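# Secondary and tertiary structure notes
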Amino acid sequence: MPTHAPLPLILDCDPGIDDFVAILMILAAPERINLLGITVSGGNVPLHHTSQNALKACELAGRPDVKVYAGCPRPILRELVYEVEVYGETGLKGVDLPTPQMSLQSTHAVDFLIDTLMTTPKKITLATTGPLTNIAVAIVREPRILDNIEQIVTMGGSIELGNITPAAEFNFYADPEAAHVLYTSGKKITTIGLDTTHQLVTSLDWFDRLDALDNPVAHTLTLMLRAFYEYDMKHFGLTGGVLHDPSVIGYLLNPLLFKEKDVHVEIDTSFGIGRGRSIIDWWRKRGLPANAHVVNEVDVKGFFDLLTDLLASYGNKKQKAEGALT
Ligand code: RIB
Ligand code: CA
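Residues numbered from 1 in each chain as written. Chains lettered and ligands numbered in written order. Predicted model: local features only at pLDDT ≥ 70, side-chain atom pairs only at ≥ 80, totals over all residues. Heavy atoms only, no water.

## Some words on the site of ligand 1
Lining the immediate surroundings of ligand 1 are 13 residues, of which D18, T129, N163, E169 and D245 lie closest. Contact between ligand 1 and D19: an oxygen atom at 3.0 Å from a side-chain N or O atom of the residue. N171 has a polar side-chain atom sitting 3.0 Å from an oxygen atom of ligand 1. When ligand 1 is considered free in solution it has 280 Å² of accessible area, and contact with the protein chains removes 99% of it. Looking at the shell around ligand 1, the elements with two or more residues in it are α1 (17–27) and α6 (170–174). Class assignment for the residues of the shell around ligand 1 results in three nonpolar, five polar and five charged. (Near = heavy atom within 4 Å. Polar contact = N/O pair within 3.5 Å; in protein donor to acceptor, adjacent residues only side chain to side chain. Areas by Shrake-Rupley, 256 points an atom, 1.4 Å probe, with all protein chains shown as cover. Helix = DSSP H or I, 4+ residues; strand = E, 2+ residues; numbered from the N terminus. Nonpolar A, V, L, I, M, F, W, Y, C, P; charged D, E, K, R; others polar.)

Below, the structure written as structure tokens:
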């Protein structure tokens, strides 16, 4: 049994399949994580789809009570680029889940972030798995929220290569100005980039392991994950599809699975080929104070065991059994 009170958490995301998995991980462990709300931005696909996909994840998990807030449809300055090729037109390739019965909250995500962080009796952890627009706009509008943030754990950036360009990872590329606001906010940002997430790739054997759990949540995920299994193999020479965003929830639930280093990070906000690059001073050449805990290693087996156990727990939970699965 957990010895600590559940972690008060807000997830900011752009579902996408891997964000969808991250939501299901959170909702599988209510005794560990107290999800105060989900804020959504445009990102992988337009805001209409990302926000509906967040609702679909909550309903699949049997949690229509979760509050989901739509936020910024586009970055602070740049035009949004979508990842439709990766995750499909709707962002959830491979499945056609029913239209959600639950609705979005009427409050804008940025207002929810500010209102909640300004009134909370306890510090709140922020997990981010998409472009950082909502969080950055909240910080610019009300910098005092930073005092009530326990930790920010972000999927973004990379020590070495990019994915959407040779230089930059998608979340930071999409809104470099937003990423700049976070890394100059004075908070140390826990940063899980491609160097780590590219170690977390799916396999056909693991899909079979999930299907053997014989529960609709796990089965829905394998349908989605099989659908984009080959993309990363073809584009990055990996052995399966990359589970980027679930790494953030894995870190929150068991940070001992990860290795990190305190270093300085600067975001390239130019308009050239370096746009959105995270310049991670891994060898501390610049002598600048660390503004990030940068993760570079993960216990892959430990992570997949954790993820599988979380998904297995849906086998004995009440949840929306059917999804219209294709
Ligand atoms: O670069 C990977 C990130 O971009 C993930 O968060 C994925 O969902 C996409 O948003
Ligand atoms: Ca994402």
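Moving on from the model shown.
## Points about the coordination of the calcium ion (ligand 2)
A four-donor tetrahedral metal ideally has 109.5 degree angles, and a six-donor octahedral metal ideally has angles of 90 or 180 degrees. Only D14 (OD), D19 (OD), D19 (OD), T129 (O) and D245 (OD) from the protein reach the calcium ion (ligand 2) as donors, at distances of 2.1 to 2.6 Å. We classify D14 as buried; its relative accessible area is 0%. For D19, a relative accessible area of 0% gives the class buried. (Donors = N, O, S within 2.8 Å, 3.2 Å for Na, K, Ca; no water. Buried < 20%, exposed > 50% of the residue type's maximum accessible area, 1.4 Å probe, protein only.)

## Some words on the packing of aromatic side chains
A full pass over the atoms with the stated rule returns eight aromatic pairs. Residues Y87 and F228 carry aromatic rings whose centres are separated by 5.3 Å and whose planes lie at 50° to one another, so their mutual orientation is tilted. A residue pair is termed long-range when its members are at least 10 positions apart, and Y87 in helix α3 (residues 84–87) and F228 in the loop between α10 (216–227) and α11 (229–236) qualify at 141 residues. Here Y87 matches F228 in class, with each residue buried. An angle of 75° between the planes, with centres 5.0 Å apart, marks the rings of W206 and F304 as edge-to-face. Of this pair, W206 sits in helix α9 (residues 204–211) while F304 sits in helix α13 (residues 300–312); the two residues are 98 residues apart in sequence, bridging distant segments of the chain. (Phe/Tyr/Trp six-rings, centres within 6.5 Å; stacked < 30°, edge-to-face > 60°.)

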